[in-house]
Amino acid sequence: MAMIGCQTENVSSVKWDTGVPGEKMQTMYERVDMRNKSARDAVFKKYDGWKLIYISEYTTGNKLGTDGAVCFERVIK
C-alpha cells in the first residue's frame, strides 16, 4: 500500500504599484527556477531596463527547491 501525503505550501509574493495606466504599459511574466542561478540571471538580464513589479515564490516540503514567478513592465514607446 502506498501512502501519499500532502503538505502545506509556502507562498510569498510582493507587488509594487507603478501608478501608470495599464494601456500605456507592456507587462511580461516569466517562471523562474530559484534553484538555478544561471537561469535566474538569464531571465533578469532579458528584462534589463524593465521595472520588476511582482515576484512570488512557491515551495513545499515535498519539493526540492523553489519555483518563482516574476512580472516586469515598461512604458510602451
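Residues numbered from 1 in each chain as written. Predicted model: local features only at pLDDT ≥ 70, side-chain atom pairs only at ≥ 80, totals over all residues. Heavy atoms only, no water.

Novice: Can you explain the confidence of the model for the protein? Please cite residues and give values.
Specialist: In the predicted model, the protein carries a mean pLDDT of 77, and 66% of its residues have values of at least 70. Within the protein, helix α1 (residues 37-46) carries the highest mean pLDDT (92), whereas strand β1 (residues 9-15) carries the lowest (60). (pLDDT = per-residue confidence, 0-100. Helix = DSSP H or I, 4+ residues; strand = E, 2+ residues; numbered from the N terminus.)

Novice: Hey, could you go over the packing of aromatic side chains for me, with residue numbers and the actual values?
Specialist: Applying the stated criterion to the full structure yields three aromatic pairs. Taking the centre distance of 5.5 Å and the plane angle of 80 degrees together, the rings of Phe-44 and Phe-72 count as edge-to-face. With Phe-44 in helix α1 and Phe-72 in strand β4 (residues 67-75), the pair connects residues that are 28 residues apart, well separated along the chain. Its relative accessible area of 33% is what places Phe-44 among the partly exposed residues. On the basis of an interplanar angle of 10 degrees and a centroid distance of 4.6 Å, the ring pair of Tyr-47 and Phe-72 is categorised as stacked. With a gap of 25 residues between them, Tyr-47 in the loop between α1 and β3 (51-60) and Phe-72 in strand β4 connect regions that are remote in the sequence. (Phe/Tyr/Trp six-rings, centres within 6.5 Å; stacked < 30°, edge-to-face > 60°. Buried < 20%, exposed > 50% of the residue type's maximum accessible area, 1.4 Å probe, protein only.)

Novice: Got a sec to walk through the side chain of Asp-33? Specific residues and values, please.
Specialist: The topology assignment puts Asp-33 in strand β2 (residues 25-33). Within the structure, Asp-33 has its side chain in polar contact with the side chain of Arg-35 (distance 2.8 Å). Setting aside residues no more than four positions away along its own chain, Asp-33 makes contact with Arg-40, Thr-66 and Asp-67. (Polar contact = N/O pair within 3.5 Å; in protein donor to acceptor, adjacent residues only side chain to side chain. Contact = heavy atoms within 4.5 Å.)

Novice: Describe in detail the nonpolar core, supporting the description with residues and values.
Specialist: Membership of the largest hydrophobic core is limited to seven residues, which are Val-32, Met-34, Val-43, Tyr-47, Trp-50, Val-70 and Phe-72. Those residues within four positions of Phe-72 in sequence are excluded, and the remaining contacts are Gln-26, Thr-27, Met-28, Val-43, Phe-44, Tyr-47, Trp-50, Lys-51, Leu-52 and Ile-53. (Core = buried A, V, L, I, M, F, W, Y, C linked by side-chain atoms within 4.5 Å.)

Novice: Any chance you could break down the pattern of salt bridges for me, citing the residues and the numbers?
Specialist: For the structure on display, the rule yields four salt bridges. Here Glu-30 makes a salt bridge to Lys-46, at a shortest N to O gap of 3.0 Å. Placement of Glu-30 in strand β2 and of Lys-46 in helix α1 is noted, with a sequence separation of 16 residues between them. Looking at Lys-46, the relative accessible area reads 55%, which means it is exposed. Where Arg-35 meets Asp-33, a salt bridge forms, and the shortest distance between an N and an O atom there is 2.8 Å. (Salt bridge = Lys/Arg side-chain N within 4 Å of Asp/Glu carboxyl O.)

Novice: Before we move on, can you summarise the pairing of β4 with the specific residues and values?
Specialist: Within a regular beta strand, the side chains point alternately toward one face of the sheet and then the other, so they alternate between its two faces. For β4, the tally of buried residues reaches seven of nine residues, placing the bulk of the element in the interior. Pairing of β2 with β4 involves nine bridges; the strand directions are antiparallel. Opposite Tyr-29, over in β4, you have Cys-71 as the bridge partner. (Pairing = 2+ DSSP bridges.)

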